[in-house]
Amino acid sequence: MSFLNKIFGSNDNKTIPTTTLKWNELTQIQQLDTIVNESSETPVLIFKHSTRCSISRMALRSFEQEYEIAEDDLKPYYLNLLEYRNISNEIASRFGVMHQSPQILLIKNGKVLHYASHSDIDARTVQSKI
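This structure is a prediction, so every number in the text was calculated from the model and none was measured.

Each value, and the rule that gives it
Residues numbered from 1 in each chain as written. Predicted model: local features only at pLDDT ≥ 70, side-chain atom pairs only at ≥ 80, totals over all residues. Heavy atoms only, no water. Helix = DSSP H or I, 4+ residues; strand = E, 2+ residues; numbered from the N terminus. Buried < 20%, exposed > 50% of the residue type's maximum accessible area, 1.4 Å probe, protein only. Pairing = 2+ DSSP bridges. Contact = heavy atoms within 4.5 Å. Axes fitted to C-alpha atoms, helices over the stretch in contact; angles between N-to-C directions. Arc of directions from axis to C-beta. Phe/Tyr/Trp six-rings, centres within 6.5 Å; stacked < 30°, edge-to-face > 60°.

**Here we look at the environment of His118**
No. 1: Take His118: it is sitting in the loop between strand S5 (111–117) and helix H5 (123–129).
No. 2: Taking the relative accessible area as the measure of exposure, His118 reaches 32% and is therefore partly exposed.
No. 3: Residues His118 and Ile55, spaced 63 residues apart in sequence, show a C-alpha to C-alpha distance of 7.0 Å.

**Here we look at the sheet that holds strand S2 (residues 44–49)**
No. 1: Taken in spatial order, the five strands make up an open sheet running S1-S3-S2-S4-S5, and their pairing is mixed. One side of each edge strand has no neighbouring strand; the edge strands of this open sheet are strand S1 (24–25) and S5.
No. 2: As paired elements, S2 and strand S4 (residues 103–108) share five bridges and run antiparallel to each other. Residue pairing across strands places Val44 opposite Ile107, the latter belonging to S4.
No. 3: Packed on one face of the sheet, helix H3 (residues 54–66) meets S2 and strand S3 (75–80) and runs near 150 degrees to S2.

**Section: helix H4 (residues 85–95)**
No. 1: The set of residues buried in H4 consists of Ile87, Ser88, Ile91 and Phe95. Each buried residue of H4 sits inside an arc of 100 degrees when the element is viewed along its axis, so together they form one side.
No. 2: Check the buried side of H4 and you find it contacts helix H2 (31–38), S2, S3, S4 and S5.
No. 3: Looking one or two residues past H4, Gly96 carries a phi angle of roughly 70 degrees, positive in sign.

**Structural notes on the packing of aromatic side chains**
Given two aromatic rings, one states the distance between the centres and the angle between the planes to describe the pair.
No. 1: Tallied over the full model, the rule gives five aromatic pairs.
No. 2: Each ring, one from Trp23 and one from Phe47, has its centre 5.9 Å from the other, and the planes form 75 degrees; the classification is edge-to-face. On the criterion of sequence distance, the pair formed by Trp23 in the loop between helix H1 (2–8) and S1 and Phe47 in strand S2 is long-range, its members being 24 residues apart. Comparing Trp23 with Phe47, the two get one shared label, buried.
No. 3: One aromatic cluster is present, formed by Trp23, Phe47, Phe63, Tyr67 and Tyr78 through successive ring pairs.

**Here we look at the pairing of S4**
Within a regular strand, the side chains alternate between the two sheet faces.
No. 1: Across the six residues of S4, five count as buried, placing the element largely inside the fold.
No. 2: Across six bridges, S4 lies against S5 in antiparallel orientation. By the bridge assignment for S5, Leu105 is matched with Tyr115.
No. 3: Counted along the chain from S4 to the antiparallel partner S5, the turn is two residues long, and its residue Asn109 has a positive phi close to 55 degrees.

Below is the structure:
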């Protein structure tokens, strides 16, 4: 199993990913109001991640490796679905995008400009949309 853990990561990772990308942790439903307000000045990205899913882990890792967006051009949020599924449900309701995992939503002026899930998650596509 340690070989697979090296490739896909372990299932016990409950923390925010460690990377040069500065994630903002999404842990409260009230933060969605903040995200809507922030998105009028800077586009916001929400990455919904299941820490127990190898596909989600690979999508996150790939996204982080491709990510070359300047800090001032996009504000990224990370949502741990296992701990905060209620927030994911509220995101689906508020923005009209059916829940999937993994999933990204790009929000600007309070509206979803782009969303993708699974293998369609791509940092270059996000960069082209902002």
